[in-house]
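# Chains, contacts and geometry: an overview
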Amino acid sequence: MQAIIEESVNLYNNYLLQNGKTPLVDFDFKSAEEYDEEFAKVDAKDKKRQEVALAPIRIFDELRYRIVYYMRYRKQGLIISDVEGIKITETNKGICVENIYNGRTLCSIVFSKQYKEDNLRVFTIQTLTNKGKLSNPEMVGLYTRKFENLEGTPKRADEKQMNAIISTNKKIDTLIATLNREAWSKYINLPENEQKRLRKKL
């Protein structure tokens, strides 16, 4: 392909010269290796951009999955104990997770159990104001460039809100992830008929 393109350009340049027109000044072609190297740089840059864009969504999904599985295992009786410092309630709006410290709610997040769109997460969040009170619920989103400026897409979660999500996720990782792993271990060691019975409880 490269040879065909180079020969075509040479023929075109010869035509310009033969007809007294200004020829091409610089039409040296790069080697295939040079093109590969440039493509690799562009590809690496694009992957890095995607990683940065997807990182907040992944953190949010970690939080959401851990909570959803915790609630599932609670319903099945595989987890019995409550978790101190995290309050989880299910409402008609979705799942509400509150990060609590010394009886004070530091952050509250309400999200859906499932999301239809890839790379678009819309939820409601409350964080502490400068006066130390919980802010009014605000609908925000985490998403890639594809969803920017689309009708119905809320503003992105700001730095303070994202820090609250990260902090809550870390706490959930410490308090709940181990319980989830233990519950899963109990489940897979149950007889098949007992597993089936527990699935019906969901």
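Refer to the structure above for everything that follows.
The structure reproduced in this document is the subject of the present report.

### A few points about the overall build of the protein
Broken down by element type, the protein carries five helices and five strands. Element order for the protein, N to C, with α for helix and β for strand: α-α-β-β-β-β-β-α-α-α. Counting across all 202 residues of the protein, residues that qualify as buried make up 30%. Summarising the internal contacts of the protein: among those between residues at least 6 apart in sequence, 46% fall at separations of at least 24.

### Regarding the side chain of N180
Note that N180 resides in helix α4 (residues 177-188). When sequence neighbours within four positions are dropped, the list of residues in contact with N180 reads R66, Y69, Y70, Y73 and I79.

### Some details on the pattern of salt bridges
Any two side chains of opposite charge can pair if their charged atoms end up close together. According to the stated counting rule, one finds 10 salt bridges in the structure shown. For the salt bridge of K113 with E90, the shortest nitrogen-to-oxygen distance reads 2.7 Å. Separated by 23 residues along the polypeptide, K113 in the loop between β3 (104-111) and β4 (120-127) and E90 in strand β1 (residues 86-91) bring together distant segments of the chain. Salt bridges sharing common partners tie together D61, R64 and R121.

Parameters and conventions
- Residues numbered from 1 in each chain as written.
- Predicted model: local features only at pLDDT ≥ 70, side-chain atom pairs only at ≥ 80, totals over all residues.
- Heavy atoms only, no water.
- Helix = DSSP H or I, 4+ residues; strand = E, 2+ residues; numbered from the N terminus.
- Buried < 20%, exposed > 50% of the residue type's maximum accessible area, 1.4 Å probe, protein only.
- Contact = heavy atoms within 4.5 Å.
- Salt bridge = Lys/Arg side-chain N within 4 Å of Asp/Glu carboxyl O.

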